[in-house]
Amino acid sequence: MSIAIYIAVMAGVTYLIRVLPFGFFRKKITSKWIKSFLYYVPYAVLSAMTVPAIFYSTGNIYTAIAGTGTALVLAYFNLPLIVVSLAAALAAFLAGFFI
Amino acid sequence: MKQSDFIRGAADGIPIFLGYLSVSFGFGIMAVSSGLSVFEAFMISLTNLTSAGQAQGVSIIAAGGSLVEMAVVQLIINIRYALMGLSLSQKLDEKFTLPHRLLAAYGITDEIFALCSTKEKTLKPAYMYGVILISTIGWVTGTFLGGAAGTLLPANVTSALGIVLYGMFIAIIVPPTRKQKNILIVVGLAALFSVLLKYLLPMISGGFAVIIAAIAAAGCGAFLFPKEGDE
């Protein structure tokens, strides 16, 4: 079977999932519970994606802990996204020389 | 000086660019070693813009699976984008007309959603396009480089880059948890559920575990700390 057809099916299904609620849902949700739920979703998604995956992200638990600790401290002091994320990678990179 | 929304989105998206560059580098290597051409890998990244779904899709292609299997697997892995799209639909600026919605829907990914839903009070098309454009450039460039140049980067550089996206997540999560205890508790619960699922129910795939943990934690948050008023 042509690979182009596989790719078209992959892309088509993925786009439909994305566009259906985002493109066509126009009501403002009034239920207090659902509004609160949707308000918390991004924080919950981010947290669940980060923990525990971050500790496997560099292939070595100790360099990952160095990067995570660095990110937590810098984020606590409200530094910009790019600074926090690059400092985390730099810390993990440098920690790699001590392993 | 007031920056345009588009430039602001592109600048905020730089960590996503870097993270995507390194993640998709791995995807490019994997796709080519599964027998796809560099061009095919590039086209998959350009048209899908998603990590888990693409990786699974390539293994279905390599195994000669059916198109129905492909469609069902993509639906299951990517269904979280529907929830994210619903969440985003509640904070769209009035400039977000239907054509903008149809176009921007292309770019709903975990990371772009996270940025767009937390950095902005109301989401304007220009800001979202800025984020999407820089992220997509990172995603397709990394795929191309990974597919074409494979293993040229030193391993300690690519492995350290693996943490870039997570560093950005931490930078998004931590500041609001300092101000709002309810968010801190939701974040803590989501992390706890995610860890429990991973180690106690390892048969649940990563993408599913994340969405189950997130729904449970956000549900607890809505139950324990319902938000008053509009904001």
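Residues numbered from 1 in each chain as written. Chains lettered and ligands numbered in written order. Predicted model: local features only at pLDDT ≥ 70, side-chain atom pairs only at ≥ 80, totals over all residues.

### Remarks on unusual backbone geometry
How we decide: In DSSP terms, a helix is any run of H or I states spanning at least four residues, a strand is any run of E spanning at least two, and both are numbered starting from the N terminus. Working definition of burial: number of other C-beta atoms within 10 Å of the residue's own, with buried at 20 or more, exposed at 12 or fewer, and partly exposed in between, all C-beta atoms being placed from the backbone.
Backbone torsion omega between Val51 of chain A and Pro52 of chain A reads 0°, so that peptide bond is classified as cis. Take Pro52 of chain A: it is sitting in the loop between helix H2 (32-50) and helix H3 (61-76). Phi at Asn78 of chain A takes a positive value of approximately 65°, unusual for a residue other than glycine. With respect to the secondary-structure elements, Asn78 of chain A resides in the loop between H3 and helix H4 (81-95). Since 11 C-beta atoms lie within 10 Å of it, Asn78 of chain A is described here as exposed. For Leu49 of chain B, which is not glycine, the phi torsion reads 50° and is therefore positive. Inspection of the secondary structure puts Leu49 of chain B in the loop between helix H3 (38-48) and helix H4 (51-62).

### Comments concerning the interface of chain A and chain B
The cut-off we apply is this: Whether two residues are in contact depends on their C-beta atoms, placed from the backbone: they are in contact if these lie within 7 Å. Here the term charged refers only to Asp, Glu, Lys and Arg, the term nonpolar to Ala, Val, Leu, Ile, Met, Phe, Trp, Tyr, Cys and Pro, and the term polar to all other amino acids, Gly among them.
Opposite the 62 residues of chain A that make contact, chain B presents 78 residues. Where the side of chain A that touches chain B is concerned, the elements lending two or more residues are helix H1 (3-24), H2, H3 and H4 of chain A. Take the side of chain A that touches chain B: its biggest share by element is 18 residues, from H2 of chain A. Across the side of chain A that touches chain B, the residue classes tally to 45 nonpolar, 13 polar and four charged.

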